[in-house]
Amino acid sequence: MLKMKRKLWSILVAACMTFAFMPTMVSAAGGEASADGVEYATLKEALEAGGNVKLLQDVEVDSIINVTKSTVLDLGDYTITNRVENERPICVNTDSFTIVADEGGMIIPEENTSALGFIKVEAVSDFTINGGNYTGNTNNGAFFRFLEGASGANIELNDLTVTTNNDAFYVAETFDTVNMQVNGGTYEVDTRAFLVDVYDYENSPVVFDGVTITANRGPCIEMSGANTTFIDCNFTVTGDFTGGYTWARCAIGIGYEGRATIKSGTYIANGSLMKENEGYGVYIYSSGGEVNIEGGSFSGASASLKADVDKNNYGNPAVIHVIGGNFDGDILAVTNTGLESIIIDGGEFTGITEKTTSNTINNISVSGGSFNLSMMNFVDSEIKYELQNNDYYTYYSTLQETIDHADSEAVITAIDDGSSTVSYTATLVYNDGTNKMVQIVTEAEGEIELPALNRTGYLFLGWDDGTGSIIEAGEVYALTSNKTLTAQWNELTKIKIEMKEPTCTEDGNIEYWYCPELNQYFTDETLTQAIDLEDTILTAKGHDFVGGKCTICGETDTAFDPVIIEGANSIYNGEAEGLAFRSNADFDHFLSVRVDGNEVAAEHYIVQEGSTIVTLKEEYLNTLSKGKHTLAIISVTGEATTEFTIADNGEVPTSPVTPSTPDTGDHSKNLMWIMIALLSCIGLSSSILYKRKLNKNSY
């Protein structure tokens, strides 16, 4: 009894000591957060502990929390409400900081009118936010503000939902470098969603992928420096804002030698609330930069694209290079120094007005793309022809290329030096049953290199200018007056070559057509799909020999030598029910059997497949004399021969096999003896134990 009391007392003391050494916050009921599994009374205590911090309830923060240890803050479905005035409630100064949220997030209540945002980042190497809702208005502050000590940070933002009257992210203490990735998410802001200010754009990659931003003032994104890529984003500037710079009403703003590549997405700043000189899809503002546009849709109330430079204070070039995309609005690169320029190699442009075309110092270079107004005054020096198809204008370097893109009744204008005030028109009549004609306008005495035409099933011969002579394509033709040139055709000869299946030894061919006028081969009767002659050939299949004979054509393999592969030199002593011999010749090629040179009647043997198995029947073998005999299995591919011996009845073979006791699989006797032994051991053990018990009781 005493021992039992001592044990209980020891357990009680140990429990008290354990409780005494545990953090005091564990005993507090309903802690706000936990860190690495330990529950804390307040979020501040948990964040100061660092590690994996999990919010356990909705929390209001009224004083600044300093995070100095690497932390992952899991908000879950809970929210942090900012009650801190004139500051952000969380200050990060650590190597790594991550926020994870489901439906939870951070809130600034309406009554906290002096709040600046949520997080101030003084220094960090890796900063990540995964999800969450972040809402509320600030006193001219950004929700997330990165200071100079965070230069070089890796920033990753995934699927945030943000609503505020100011900026969402302000990465602008003029960092040396930054590495930033923004994936998905929806941002609704009054001013701009992101400002990134970086010196070293070459080593500062920033990516916006699938991000949706609506800004009342704009720009949705302002990149001062950095090297930014935009993929499938949706940016809209409404113009519903009073004050601020007019240039800021743009979907994307680039400055301070920033670089950007736009691959896809929609970038709009053409709302009805836009005022004069407001609304730009992309704007390189006064400090310069470079934008490459590969695709996407752009529109602006003032211009879809604008390149601008403040020559007095900066002098950095502002260059927009368009490779593709859709653009609605003017394109402006008004310059006095040549520092602003827009280079257009492709894309579709609508909404262009005289603001673009009549400005003589609008520095635009066109070598491709389509436009709703003539851009002839802006074409690159390599461009020689303007094509007007209905209401759209495109540009090409050769007349042949222009003709290839011309619709019926298109007008082609040669881009000359403007030295002549007189022009002539060459009307090209296609004469192909479509009533198609194209006009080419050039200066008087202008020379054109006549193009070639294509017509299915016909050979283009050239042009007839009314003289009855044919002028071949490629010849230079001088216009001395208005002329009509009519295309001349010759119907092509089509010779059909039927399909021929290949054999084992001879090539075949596919079905194809040959045109002697063109000396070309085609896979279709309309002569539109050319093919090389060698590609019409179906290669010979080659023999597939099985058992010495081809399975395809039946030809015999001259190199095949049938042999007996089982049963050679057998001995028959009357005990077996016949003798079996197997030839490697194919069963289908079997002809007959000969013994001692004489053909054996079919009723004396059985022939089976695999390859060819012949079994001489017992009654036939009994008719043969004792001693050696020859056997031949005759096949289409040759003879497989061997010898066999007829011995006396019961005669032992010369190389007898020593018999062995067969394993019948009956192991029941062994099992029986094992069971007897086990039962004996159990009985003996029981007897010994019983005696020991008797002896013990006797004491």
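1. A closer look at the overall build of the protein chain
Piece 1. Counting its regular elements, the protein chain contains six helices and 66 strands.
Piece 2. Here the protein chain holds 699 residues, and the buried ones make up 43% of them.
Piece 3. In the protein chain, once contacts between residues fewer than 6 apart in sequence are set aside, the share between residues at least 24 apart is 59%.
Piece 4. Here the protein chain has roughly 35600 Å² of accessible surface; of this, 48% comes from carbon and sulfur atoms.

2. Quick word on the environment of Ser423
Piece 1. Relative to the assigned elements, Ser423 resides in strand E43 (residues 423-429).
Piece 2. Relative accessible area serves as the criterion here: at 44%, Ser423 is assigned to the partly exposed category.
Piece 3. C-alpha of Ser423 to C-alpha of Glu443: the two residues are 20 residues apart in sequence and 4.1 Å apart in space.

3. Topic: the pairing of strand E3 (residues 51-55)
In regular strands, side chains alternate between the two faces of the sheet.
Piece 1. Bridge count for strand E1 (residues 33-35) against E3 is three bridges, and the pairing is antiparallel. Of the residues in E3, the one forming a bridge with Ala33 is Leu55.
Piece 2. Direction of pairing for E3 relative to strand E6 (residues 71-76): parallel, over a ladder of four bridges. Looking across to E6, one finds that Lys54 is bridged to Asp74.

4. Some points on the environment of Asp240
Piece 1. Following the sequence through the fold, Asp240 ends up in the loop between strand E25 (233-237) and strand E26 (250-255).
Piece 2. Residue classification places Asp240 among the partly exposed positions, given a relative accessible area of 48%.
Piece 3. Filtering out sequence-adjacent residues up to four positions away, Asp240 remains in contact with Asn216 and Leu273.

5. Re the environment of Val237
Piece 1. Here Val237 is to be found in strand E25.
Piece 2. The exposure class assigned to Val237 is buried, which follows from its relative accessible area of 1%.
Piece 3. On a C-alpha basis, the gap between Val237 and Asp190 in space is 9.4 Å, while along the polypeptide they are 47 residues apart.

6. Let's talk about the pattern of salt bridges
Piece 1. With the rule as written, the count across this model stands at 15 salt bridges.
Piece 2. For Glu278, the salt bridge goes to Arg249, with nearest N and O atoms at 3.6 Å. With Glu278 in the loop between strand E28 (265-269) and strand E29 (280-284) and Arg249 in the loop between E25 and E26, this pair connects stretches of sequence that are 29 residues apart. Here Glu278 matches Arg249 in class, with each residue buried.
Piece 3. Each of Glu60, Arg83 and Glu111 takes part in salt bridges that share partners, so that together they form one network.

7. Here we look at the side chain of Thr164
Piece 1. Mapping Thr164 onto the fold places it in strand E16 (residues 161-164).
Piece 2. Excluding residues that lie within four positions of it along the chain, Thr164 makes contacts with Gly136, Asn137, Thr138, Phe143, Glu188, Val189 and Asp190.

8. A closer look at the packing of aromatic side chains
Piece 1. Summed over all chains, the structure comprises 32 aromatic pairs.
Piece 2. Ring geometry for Phe230 versus Phe235: centroids 6.0 Å apart, planes at 90 degrees, classification edge-to-face.
Piece 3. Residue Phe230 is classed as buried on the basis of its relative accessible area, which comes to 0%.
Piece 4. Considering the side-chain rings of Tyr245 and Trp247, the 6.2 Å spacing of their centres and the 20 degrees angle between planes classify their relative orientation as stacked.
Piece 5. Positioned above the aromatic ring of Tyr201, the side-chain terminus of Arg259 is 4.3 Å from the ring centre.
Piece 6. We note Arg455 situated over the ring of Tyr458; from NZ or CZ to the ring centre the distance is 3.7 Å.

9. Here's the deal with the confidence of the model for the protein chain
Piece 1. Averaged over every residue, the pLDDT of the protein chain is 88; the share at 70 or more is 88%.
Piece 2. Note that pLDDT drops below 50 for residues 1-9; the model gives that stretch zero contacts with residues more than four away or on any other chain.
Piece 3. Note that pLDDT drops below 50 for residues 652-671; the model gives that stretch zero contacts with residues more than four away or on any other chain.

10. Some words on unusual backbone geometry
Piece 1. Backbone torsion omega between Gly218 and Pro219 reads -5 degrees, so that peptide bond is classified as cis.
Piece 2. Within the secondary structure, Pro219 is located in the loop between strand E22 (212-215) and strand E23 (221-224).
Piece 3. In the segment running from Gly610 into Ser611, the intervening peptide bond is cis, with an omega of -15 degrees.
Piece 4. Phi is positive for Ala226, close to 70 degrees, though the residue is something other than glycine.
Piece 5. With respect to the helices and strands, Ala226 occurs in the loop between E23 and strand E24 (227-231).
Piece 6. The backbone of Asp596 sits at a positive phi, close to 55 degrees, despite the residue not being glycine.

Conventions and cut-offs
Residues numbered from 1 in each chain as written. Predicted model: local features only at pLDDT ≥ 70, side-chain atom pairs only at ≥ 80, totals over all residues. Heavy atoms only, no water. Helix = DSSP H or I, 4+ residues; strand = E, 2+ residues; numbered from the N terminus. Buried < 20%, exposed > 50% of the residue type's maximum accessible area, 1.4 Å probe, protein only. Contact = heavy atoms within 4.5 Å. Areas by Shrake-Rupley, 256 points an atom, 1.4 Å probe, with all protein chains shown as cover. Pairing = 2+ DSSP bridges. Salt bridge = Lys/Arg side-chain N within 4 Å of Asp/Glu carboxyl O. Phe/Tyr/Trp six-rings, centres within 6.5 Å; stacked < 30°, edge-to-face > 60°. Lys NZ or Arg CZ within 6 Å of the ring centre and 35° of its normal. pLDDT = per-residue confidence, 0-100.

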